Amino acid sequence: AKRLSGLKQFLRDGIAKSITGIAFNGDPVDSLPGTLNVSFEGAEGEAILLYLDLQGIAVSTGSACASGSLEPSHVLIATGISQERAHGSIRVSMGRETTREDIEYFLEKLVETIKRVRQISSVANEVKHG
């Protein structure tokens, strides 16, 4: 648990330093050591998931108990966050085999992915509202 908590903090700090328009979901202290949920403004969680999957990275959208659903996490909605923020969230899980190098690779690919997804999203919004 201590090792995973350290990796989680490294991941959290890396996201906060590298990507704007984010919100971490859940209690920063009283939470599982190997799980981090984060929302990205202007990006759909499903699009993030798909682009990361192409890079060999598995993340989830929604809550662990509703895997496979396209609905936003009922757990996040119950905490009072907006539907939009919940739709832009992903859940990152780490385990016994996760290394610091894995987190560094993830951060590199996440930054690229969020940039790409936000660009696509802004183009889609221009077409829809243009």
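First, a word on what this report is: a plain description of the structure on this page. (Residues numbered from 1 in each chain as written. Predicted model: local features only at pLDDT ≥ 70, side-chain atom pairs only at ≥ 80, totals over all residues. Heavy atoms only, no water.)

## Brief notes about the pattern of salt bridges
Here the structure, examined in full by the defined rule, presents three salt bridges. Note that glutamate 104 is salt-bridged to arginine 100, the shortest N-O span being 3.7 Å. You can see glutamate 104 and its partner arginine 100 sitting in helix 5 (residues 100-129), four residues apart, about one turn around the helix. Classification of arginine 100 as partly exposed rests on a relative accessible area of 43%. (Salt bridge = Lys/Arg side-chain N within 4 Å of Asp/Glu carboxyl O. Helix = DSSP H or I, 4+ residues; strand = E, 2+ residues; numbered from the N terminus. Buried < 20%, exposed > 50% of the residue type's maximum accessible area, 1.4 Å probe, protein only.)

## Observations concerning the pairing of strand 3 (residues 89-93)
With four of its five residues buried, strand 3 lies for the most part within the structure. The pairing of strand 2 (residues 35-40) with strand 3 spans five bridges and is classified as antiparallel. What sits directly across from asparagine 37, in strand 3, is arginine 91. (Pairing = 2+ DSSP bridges.)

## Thoughts on the nonpolar core
By size, the foremost hydrophobic cluster in this structure holds 23 residues, and its most contacted members are Leu11, Ile15, Phe40, Ile48, Ile90, Phe106 and Leu110. When contributions to this core are tallied by element, the ones reaching two or more residues are helix 1 (2-18), strand 2, helix 2 (45-54), strand 3 and helix 5. The leading source of residues in this core is helix 5, at six residues. (Core = buried A, V, L, I, M, F, W, Y, C linked by side-chain atoms within 4.5 Å.)

## Observations regarding helix 2
For helix 2, the full list of buried residues reads Gly45, Ile48 and Leu52. The buried residues of helix 2 all sit within an arc of 60° when viewed along its axis, so they share a single face. Counted as exposed and oriented over 90 degrees from the buried face of helix 2: Leu50 and Leu54. Trailing helix 2 by a residue or two, glycine 56 shows a phi angle of about 85°, which is positive. (Arc of directions from axis to C-beta.)

## Focus: the environment of tyrosine 51
As for its position among the elements, tyrosine 51 is in helix 2. With a relative accessible area of 25%, tyrosine 51 lands in the partly exposed category. Counting along the chain gives 63 residues from tyrosine 51 to isoleucine 114, while the straight-line C-alpha distance between them is 9.1 Å. Ignoring any residue separated from it by four or fewer positions in sequence, one finds tyrosine 51 in contact with Thr113, Arg116, Val117 and Ile120. (Contact = heavy atoms within 4.5 Å.)

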